[in-house]
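Below, each chain spelled out in residue letters.
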Amino acid sequence: MEIKKVMVIGAGQMGGGIAQVCAQAGYDVILNDIQEESFNKGLAVMTKNLARNVERGRMSEDDKEAVLNRITMSLDLSDAKNADIVIEAAVENMEIKRSIFAQLDEIAPAHTILATNTSSLPITEIAAATNRPEKVIGMHFMNPVPVMKLVEIIRGLATADEVYQAVEDMTNALSKVPVEVNDFPGFVANRVLMPMINEAVYTLYEGVATKEAIDEVMKLGMNHPMGPLQLADFIGLDTCLYIMETLHEGFGDSKYRPCPLLRKYVKAGWLGKKSGRGFYEYN
């Protein structure tokens, strides 16, 4: 099961990063989005990232151009007919993902692997929207994709061994570190990380300490590079809330109940760095 051509769905922060690392590894990449404007924005971010690598002597100008030339724009899911693997990096919403996978199942050749970059949603449920659940797998990259080494590879209930092996081999070819994970809500990364962030929000909510103090304790006491509240701002408080709701629903355990303060901030539109304000303010 050889992978040569990759299609990435979603040209946002995650999808653009995935497309970049795939092109850097020598794969031909079809980058799909529903709007040309989104594709152009994603391409601009990739160009900036690669230009920084040229400035730092990590690649030549010719290498940069070669990487960009391997990426082609797509505004139509029917382009999946040319892909050996499709990596979906659309919005974190089960209905949207199931709809995309049902369409891909109709379009893509029988050999094509259908992967999702979901950070918390069940792979098995996404796979059930297709007639090829054995070829559906989770491929959870970390943000920012060009920098972070980890990829959680998540088997659905029916994922075939040869599909897992092909995705693991591809992950190694991307100079990433694959870690095998089974299909449970939040997988490993977010099942461990998000309750920690949620507990930090509770600590602020209950007046135990200021936000600065909470972050300082975790940075200096636990050797974390960034405090949990600042990290939540960088992830996006709406994303944190959505993942906590997924964990709460998936396990039915009150320990995953999102903090009311997290809900209040999201309702206020204080989503973190991307909105200019979360637990901290950003100019």
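Residues numbered from 1 in each chain as written. Predicted model: local features only at pLDDT ≥ 70, side-chain atom pairs only at ≥ 80, totals over all residues. Heavy atoms only, no water.

Per an unreviewed UniProt entry, the protein chain is named 3-hydroxybutyryl-CoA dehydrogenase, and its organism is Sporosarcina pasteurii. For the record of the protein chain, the UniProt heading Sequence similarities (unreviewed entry) holds the text "Belongs to the 3-hydroxyacyl-CoA dehydrogenase family." Taken verbatim from the UniProt record of the protein chain, the Pathway (unreviewed entry) comment is "Lipid metabolism; butanoate metabolism." (UniProt positions renumbered as here; feature names shortened; annotations may be inferred.)

What the rule picks out here adds up to 12 salt bridges. Across the pair Arg132 and Asp105 runs a salt bridge, and its minimum N-O distance is 2.8 Å. Residue Arg132 is located in the loop between helix 5 (123-127) and strand 6 (136-141), and its partner Asp105 is located in helix 4 (residues 94-107); the two are separated by 27 residues in the primary sequence. Comparing Arg132 with Asp105 shows no difference in burial state: the two are buried. Of the charged contacts, one joins Asp161 and Arg155 as a salt bridge, the two residues approaching to 3.0 Å between their closest N and O atoms. On the basis of relative accessible area, Asp161 is assigned to the exposed category, the value being 56%. Assessed through its relative accessible area of 17%, Arg155 is described here as buried. It is possible to trace a salt-bridge network through shared partners that takes in Glu61, Lys64 and Glu65. (Salt bridge = Lys/Arg side-chain N within 4 Å of Asp/Glu carboxyl O. Helix = DSSP H or I, 4+ residues; strand = E, 2+ residues; numbered from the N terminus. Buried < 20%, exposed > 50% of the residue type's maximum accessible area, 1.4 Å probe, protein only.)

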